[in-house]
Amino acid sequence: MLRVDVEKQLGDFSLHASFTSEGRVTGLFGASGAGKSSLVNMIAGLLRPDRGTIVIDGDVVDDTAARIHVPTYRRRIGYVFQDARLFPHLDVAQNLDYGRRMNRLAPDSAQHKRIIDLLDIGALLDRRPGKLSGGERQRVALGRALLSKPRLLLLDEPLGALDEGRKLEILPYLVRLRDEANVPMVYVSHDVAELRQLATQIVMLKQGRVTSFGGVKVLS
Ligand SMILES: Nc1ncnc2c1ncn2[C@@H]1O[C@H](COP(=O)(O)OP(=O)(O)OP(=O)(O)O)[C@@H](O)[C@H]1O
């Protein structure tokens, strides 16, 4: 469960968003500048709300009244951006292992294998990111995020930099993650078709306010 009730002033832009989602994939939908990335950055702990609360799985990670602000590295969150942001000097296997090592988690070979199979990246393990397609890079970024055993996965336009063909190649993997990985996701997109396929709940943002919340039918 994710509960968000936050206010933030960013220059002239004011964000005031409140919603509670039990969905497996919460789609954050809105036009450019609606405040989607700012909201996701707040859930990640990268941006601090001026006022409000954020609760993940019953755990209060922000509560300005109680002066609670849990730092990003203690939130147990995975974050995948539009550009995969893999380490260019590390091969895929080392990139995948990074999240686990940073979080000081013991190796878990069963989970490692399951995620590699789920994302179909076993054949890429000894390649460097420079030798991967954009779609392959995003699959590795998803694997790296999942291997840190997050309790919530934040995906900020993960298909935004890919052409239509590559998008269609990745979408089935995201659907598989939704159905099999057992990690709730917040999925940012301004693409209605993408969200229709993936999201189980929609938060519609307009100029920093939640204008609709509900099932994917709010997109129509
Ligand atoms: N640090 C900042 N200082 C001032 N204004 C900011 C800051 N960060 C974001 N903004 C403004 O806040 C608004 C929302 O930005 P945000 O990146 O959250 O929108 P978005 O919905 O994710 O857009 P996009 O789809 O283009 O990424 C924009 O008008 C942006 O210019």
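Scroll up a little and you will see the structure.
Here the structure is a predicted model, which is why all the values come from computation and not from measurement. (Residues numbered from 1 in each chain as written. Predicted model: local features only at pLDDT ≥ 70, side-chain atom pairs only at ≥ 80, totals over all residues.)

### Points about helix 2 (residues 92-102)
Those residues of helix 2 that fall on the buried side of the exposure criterion are Val92, Asn95 and Leu96. Buried residues of helix 2 fall within an arc of 100° about the axis and therefore sit on the same side. Opposite the buried face of helix 2, by more than 90 degrees, sit the exposed residues Arg101 and Met102. Residues of helix 2 that are buried sit in contact with helix 4 (134-147). Looking one or two residues past helix 2, Arg104 carries a phi angle of roughly 50°, positive in sign. (Buried ≥ 20, exposed ≤ 12 C-beta atoms within 10 Å, placed from the backbone. Helix = DSSP H or I, 4+ residues; strand = E, 2+ residues; numbered from the N terminus. Arc of directions from axis to C-beta. Contact = placed C-beta atoms within 7 Å.)

### Quick notes on helix 4
Since the α-helix turns once every 3.6 residues, residues separated by three or four places project in the same direction. Counted at 1.5 Å a residue, the expected span for helix 4 with its 14 residues is 20 Å, and the 20 Å between its end C-alpha atoms agrees. Judged by how many residues are buried, helix 4 sits mostly within the fold: twelve of 14 residues are covered. Within helix 4, burial applies to Glu136, Arg137, Gln138, Arg139, Val140, Ala141, Leu142, Gly143, Arg144, Ala145, Leu146 and Leu147. After helix 4 finishes, the residue Lys149 shows a positive phi value of roughly 50°. (Expected span 1.5 Å × (residues − 1).)

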